[in-house]
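Each chain, written out:
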Amino acid sequence: MATTVPPKTRIPGCSFLIEDRRPDEIFTPEDFSEQHRLIAQTADDFCNNEIVPNAEKMEHKDYSISRDLLKKAAELGLSTVDIPEAYGGLEMDKVTSCLIADRIAKYAGFATTWGAHTGIGTLPLVFFGNEQQKQKYLPKIAAGEIVGAYALSEATSGSDALNCRARAQLSPDGKHYLLNGEKMWITNAAFADLFTVFAKIDGEKFTAFLVEKNFPGLSVGKEEHKLGIRGSSTCPLVLNDCQVPVENVLGEIGRGHIIAFNILNVGRFKLGASAVGGARNAVDQTIAYAKQRRAFEKPISDFGLIREKLANQAVGIYVGESIVYRTVGMMDSVLSEIDKSAADAMTQARKGIEEYAVECSIVKVWASEMLDYVVDEFVQVYAGYGFVEEYPAERAYRDARINRIFEGTNEINRLIITGFVLKRALSGQLALLPAIKRVMDEVMSGPSMSEEAESPLAAERAIVANAKKLGLLIAGAASQKYMQALVDQQEIVGALADMIIEAYAMESCLLRTQKLVATHGETAAKLPIAMTQIYLTQGMEKIEAAAKKVTAAVAEGDMLRTQLAIVRRLAKFEPFNTIALRQLVAQRLIETGKYGIV
Amino acid sequence: MKILVCMKQVPQKDAPLKLNESGTWIREDVSYEVNEPDAYALEEALRQKEKHGGEVVVITSGPARAQQVLREALAKGADRAIHLEDDAFVGLDALNTARAFAAAIKDEQFDLIFTGLQSDDYGFAQTGVILAELLGWPHATIIMQIEKNDTGIRVKRELEAGFFQFVNMPLPAVLTIQSGINKLRYATLIGIKQAKNKPMRKVALADVQSALTPNLQKIERLYVPQKTKKTETLDGPPAEIAKKLVDKLRNELRIL
Ligand SMILES: Cc1cc2nc3c(=O)[nH]c(=O)nc-3n(C[C@H](O)[C@H](O)[C@H](O)COP(=O)(O)OP(=O)(O)OC[C@H]3O[C@@H](n4cnc5c(N)ncnc54)[C@H](O)[C@@H]3O)c2cc1C
Ligand SMILES: Cc1cc2nc3c(=O)[nH]c(=O)nc-3n(C[C@H](O)[C@H](O)[C@H](O)COP(=O)(O)OP(=O)(O)OC[C@H]3O[C@@H](n4cnc5c(N)ncnc54)[C@H](O)[C@@H]3O)c2cc1C
């Protein structure tokens, strides 16, 4: 793991809920190495010079360009960061991987093509392929000569993918599996060469297969006409007695779900990085437009209601960067300790990533929803021009929407977040119950003397601490009421997920800002401090709303009143002047003409 | 051919600039990039090396942050780098910068030295020319093309109004390179990875101090020009407006 100098501490997944972290324990965009910055520059240049000028052609399905760009990206090394050196890859850290996804995201159509190829199209082989399979395919994938795709979903099973209908049966001579069924919505299908296809052997054993496009019995259906990401190919895949050699079974028979779930973890944090990159691009264009559009004899960037939007967009990116890079930073410090020559190095790597499954889902949900907000305001600031195709907001608005659907819908990811946290708590992996008890004891003993805070950001730290306490308290109240059956109460599970998501986002944002203050001082960190105060206000509002919603559902009468009083107490803080703060942020954005934190 | 390329880190083209407190230069908190013509000079050097073999060495003077420029050059294929590292180098005039470079490379034997035509910040267009003078080498400016021949090189210079000049020169020589003369390559990831292990020689201010003299050129004051344009609208029927206009031009502005 060449690049990141990871924070020393190895931080367990989900532990943010029950432990406090110091700023120096987390990775932030300010910690990018010189090498990271150079790689980001190459990705940026490649996107601006090669991808963006060709966007229109790709929107109209000229896939020869997509293939050509995949080849060029591979030659530069942009597509091979996650492939081991032994198979022609660069084998770099996940921070690098995310930085590239972030910078390539300016044109979502190609970003999806590239993301599917390097992510779900390649990683099953990287993590689960045997030596022969890797030797056979990976060097060609690394060189961009063959393009990968991933076929899990079906018309009748998307979220519920393990319940697929596709079947596989061993041929009488024992040399092939014969695959039958139909896969749906397969990214890159029109021009991919190698598909990871999931099917049930004998209708039972859920298994992954490596299927080449020329295997007899495989055909690709018609392109879907999509709302967005029209520059990417999405087609059904038809398997009609498709002959797959037995040596092309990927991983263990009957354990395809391990592949499916693990690949999604990676897909999720990279989707987060890509959403942040897409949002940054949208904000830069929104600022530029607001500066030059005049109404009522002024540039519209003079108006408070427009400035508010610009500031909110920028805060979204700041927090988005904070959660994405904090998450992959934790991963990199675990991955960097793995002995690459070990026989089970890949299994260890997979487990290292899986450790942060909850954080990956948080990043996915939070960043995709942030992006949707950002592009919505992008359209709004462009107003009439935002609604027509000739201007960039319209496409960005449509392109963003898919992110809440694929890589697990945001509903499914919310269920995962709360579900996994509870599972970890029950298995004893996460000391959640003792933490809940501590918080309950604390709040029952009445209001604590709030220490008069002298140190920088003390008030902000208190808010984050209370946000986490609220999450624990409400999770405790909900589990007490429903016990094991809590997972069936989806609205409550969803509200708990929202609290967990916000707590992580608020804390990540604050820790990054604390780190900035520690290195550059409060004056230089004025903008990040403002963005943090804006975000904490917003985050706490969401947490309080979710807390009230759950409390009202799990308690009544006196109990309800007591609990609501506690909620209100924990959610209370002296308000920041967010109008002035947003003005400050917007002013700087307008001066510099683009997103930035200085 | 052994080629030295002088590269400078300058504020990014679209970076919003703010004056420093003393009003003599800009504040440091901006984003930086490689001076554009220098990037073309590097590209040209790499192409010459690919054709004729040899070595490409890059040099810069500036604070620690300027190292980024050298790493980028190493990632693109330069063989080694020399960094004159000190905050004080930022304030040197062209003569002193050239002196510092000459001192830093006194033990080297280059066939060619490339600089960019000029820098995007100060815009002196002097450093390369003075460096040639200090070394006692011939030089040519605004170079668009370089061909090696039996006696040295033949270069194409850009003149004005679409005219060009071809010059035969002996080696060693100094050339200042025009922007846009070739297509810049990307730094590949493998190049970036390898750049970390390429040699980077650091030269301290003290090592070259004896070659320097007080700056002959000094920025006394830097300021943003005040907008002075005033617009006045004349109303009324056309004949009246015309009359008012003539009156203003004659009596107020006195240009008629
Ligand atoms: C452009 C595009 C590209 C795609 N690329 C690929 C690809 O390359 N490979 C691939 O395999 N798939 C791909 N997909 C499929 C994608 O992963 C699925 O669309 C997604 O998983 C959702 O499945 P579904 O559409 O069947 O929705 P459903 O599962 O039918 O869900 C419908 C709604 O019900 C909700 N829901 C479902 N289950 C639950 C539950 N238990 N509790 C609460 N709510 C629930 C969902 O959140 C959703 O809102 C792609 C889809 C699109 C649109
Ligand atoms: C599909 C479509 C159909 C239409 N049909 C018609 C029609 O039939 N007839 C017709 O006459 N028009 C029509 N319009 C035009 C429509 O009414 C305008 O687009 C709309 O009034 C916004 O004006 P604008 O696009 O110039 O945005 P702008 O006025 O430039 O506004 C840009 C942004 O600045 C904000 N803004 C502007 N002024 C201020 C201010 N003082 N303070 C704070 N914020 C401000 C706006 O809210 C917006 O967010 C149509 C537009 C579309 C897209």
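Residues numbered from 1 in each chain as written. Chains lettered and ligands numbered in written order. Predicted model: local features only at pLDDT ≥ 70, side-chain atom pairs only at ≥ 80, totals over all residues.

Caption draft 1: Up close: the overall build of chain B. Across its full length, chain B carries 7 helices and 11 strands. Taking 256 residues into account, the globule formula puts the C-alpha radius of gyration at 18 Å, and chain B, at 23 Å, lies well above it. Dimensions along the principal axes, computed over C-alpha positions, put chain B at roughly 75 × 45 × 40 Å. Looking at the 256 residues of chain B, the share that counts as buried comes to 36%. Partitioning the contacts of chain B with sequence separation of at least 6, the portion at a separation of at least 24 is 68%. (Helix = DSSP H or I, 4+ residues; strand = E, 2+ residues; numbered from the N terminus. Rg over C-alpha atoms; globule rule 2.2 N^0.38 Å. Buried ≥ 20, exposed ≤ 12 C-beta atoms within 10 Å, placed from the backbone. Contact = placed C-beta atoms within 7 Å.)

Caption draft 2: Quick peek at the overall build of chain A. When you go through chain A residue by residue, the secondary structure sums to 19 helices and 10 strands. The C-alpha atoms of chain A give a radius of gyration of 24 Å, which matches the 25 Å a tight globule of 598 residues would have. Projected onto the principal axes, the alpha-carbon positions of chain A cover approximately 75 × 60 × 45 Å. Of all 598 residues assigned to chain A, the portion counted as buried reaches 54%.

Caption draft 3: Molecular detail of the site of ligand 2. Residues and elements named next belong to chain A. With respect to spatial proximity, the complete set of residues near ligand 2 consists of R293, A295, F296, I300, F303, L305, I306, Q380, V381, A383, G384 and F387. Going through the elements one at a time, α9 (304-335) and α11 (357-382) are the ones with two or more residues in the shell around ligand 2. Considered class by class, the residues forming the shell around ligand 2 number 9 nonpolar, 2 polar and 1 charged. (Near = placed C-beta within 6 Å. Nonpolar A, V, L, I, M, F, W, Y, C, P; charged D, E, K, R; others polar.)

Caption draft 4: Just the site of ligand 1, in detail. Residue and element names in this part refer to chain A. Around ligand 1, 21 residues are found, and the nearest of them are S153, G158, S159, T409 and E411. Residue assignment for the shell around ligand 1 shows that the elements contributing at least two residues are β1 (148-151), β3 (176-187) and α13 (410-426). Here the shell around ligand 1 gets 3 residues from one element, more than from any other, and that element is β3. For the shell around ligand 1, the residue count by class is 11 nonpolar, 7 polar and 3 charged.

Caption draft 5: Geometry of the pairing of strand β9 (residues 164-169) of chain B. As defined by bridge partners, strand β8 (residues 153-158) of chain B adjoins β9 of chain B across 6 bridges and the pair is classed as antiparallel. Within the sheet, the bridge partner assigned to R154 of chain B lies in β9 of chain B and is N168 of chain B. (Pairing = 2+ DSSP bridges.)

Caption draft 6: Geometry of the interface of chain A and chain B. Each partner contributes to the interface: chain A provides 17 residues, whereas chain B provides 15 residues. Listed by contribution, the elements that provide at least two residues to the side of chain A that touches chain B are α1 (34-51) and α19 (578-592) of chain A.

Caption draft 7: Fine view of the nonpolar core. By size, the foremost hydrophobic cluster in this structure holds 257 residues, and its most contacted members are F209, A314, L496 and I500 of chain A together with V5 of chain B. The biggest single contributor to this core is helix α16 (residues 490-524) of chain A, with 17 residues. Three or more residues apiece are contributed to this core by two domains, here domain 1 (148-254) and domain 2 (431-592) of chain A. (Core = buried A, V, L, I, M, F, W, Y, C linked by C-beta atoms within 7 Å. Domains from an automatic or database assignment.)

Caption draft 8: Layout of the environment of S336 of chain A. In this structure, S336 of chain A sits in the loop between α9 and α10 (345-354). Looking at S336 of chain A, the number of C-beta atoms within 10 Å reads 16, which means it is partly exposed.

Caption draft 9: Representation of the confidence of the model for chain A in the model. Looking at chain A as a whole, its pLDDT mean stands at 95, while 97% of the residues score no less than 70. Every residue in residues 1-6 of chain A is under pLDDT 50, and counting partners more than four places away or in other chains gives 26 contacts. (pLDDT = per-residue confidence, 0-100.)

Caption draft 10: Up close: the domain arrangement of chain A. Segmentation of chain A into domains returns domain 1 (148-254) and domain 2 (431-592). Distance from the C-alpha centre of domain 1 of chain A to the C-alpha centre of domain 2 of chain A: 44 Å.

Caption draft 11: Structural context of helix α18 (residues 557-571) of chain A. Residue and element names in this part refer to chain A. With 15 residues, α18 ought to run about 21 Å at 1.5 Å a step, and its terminal C-alpha atoms sit 21 Å apart, in line with that. All buried positions along α18 are accounted for by Q563, I566, V567 and L570. Looking down the long axis of α18, one finds its buried residues gathered within 100 degrees of arc, a one-sided arrangement. α18 presents G557, D558, R561, A565 and R568 as exposed residues on the side facing more than 90 degrees away from its buried surface. Those residues of α18 that are buried are in contact with α14 (432-444), α15 (458-482) and α17 (526-554). (Expected span 1.5 Å × (residues − 1). Arc of directions from axis to C-beta.)

Caption draft 12: Structural view of the pairing of strand β10 (residues 173-177) of chain B. Residue and element names in this part refer to chain B. Across the 5 residues that make up β10, a large majority, 5, are buried. Of the two faces of β10, the one holding A173, L175 and I177 and the one holding V174 and T176 are both buried throughout. Where strand β7 (residues 139-148) meets β10, 3 bridges bridge the pair, whose relative direction is parallel. Following the sheet pairing, A140 is matched in β10 by L175.

Caption draft 13: Representation of the sheet that holds strand β6 (residues 112-116) of chain B in the model. All names here are of chain B. Taken in spatial order, the 9 strands of this open sheet run β9-β8-β7-β10-β6-β1-β4-β5-β11, and their pairing is mixed. Two strands lie at the open edges of the sheet, namely β9 and β11 (200-203), each paired on one side alone. Taking the axes of each pair of neighbouring strands and ignoring which way they run, one obtains an average angle of 30 degrees across the sheet. Both β6 and β10 contribute to a ladder of 5 bridges, which runs parallel. Residue pairing across strands places F114 opposite L175, the latter belonging to β10. Contacts between helix α1 (residues 36-52) and the sheet are confined to β1 (2-6), β4 (55-62), β6, β7 and β10, with β6 contributing the most and set at about 150 degrees to the helix. The strands touched by helix α2 (residues 67-76) are β4, β5 (80-85) and β11; relative to β5, the strand with the most contacts, the crossing angle is about 175 degrees. (Axes fitted to C-alpha atoms, helices over the stretch in contact; angles between N-to-C directions.)

Caption draft 14: Structural context of α1 of chain B. All names here are of chain B. In this model, α1 (17 residues) spans 25 Å end to end at C-alpha, consistent with the 24 Å of a helix rising 1.5 Å per residue. Every buried residue of α1 is listed here: P37, D38, A39, Y40, A41, L42, E43, E44, A45, L46 and Q48. G53 lies just past α1 and shows a positive phi near 75 degrees.

Caption draft 15: The environment of L123 of chain A, seen in detail. Residue and element names in this part refer to chain A. When you line up the elements, L123 lands in helix α6 (residues 123-128). The buried category is assigned to L123, around which 25 C-beta atoms lie within 10 Å. Separated by 208 residues in sequence, L123 and M331 place their C-alpha atoms 16 Å apart.

Caption draft 16: Examining unusual backbone geometry more closely. L171 of chain B connects to P172 of chain B through a cis peptide bond whose omega is -5 degrees. Along the chain, the position of P172 of chain B falls in the loop between β9 and β10. Phi at W185 of chain A takes a positive value of approximately 60 degrees, unusual for a residue other than glycine. With respect to the element layout, W185 of chain A can be found in strand β3. The phi angle at E297 of chain A is positive, at roughly 65 degrees, despite the residue not being glycine. Relative to the assigned elements, E297 of chain A resides in the loop between β9 (294-295) and β10 (298-299).

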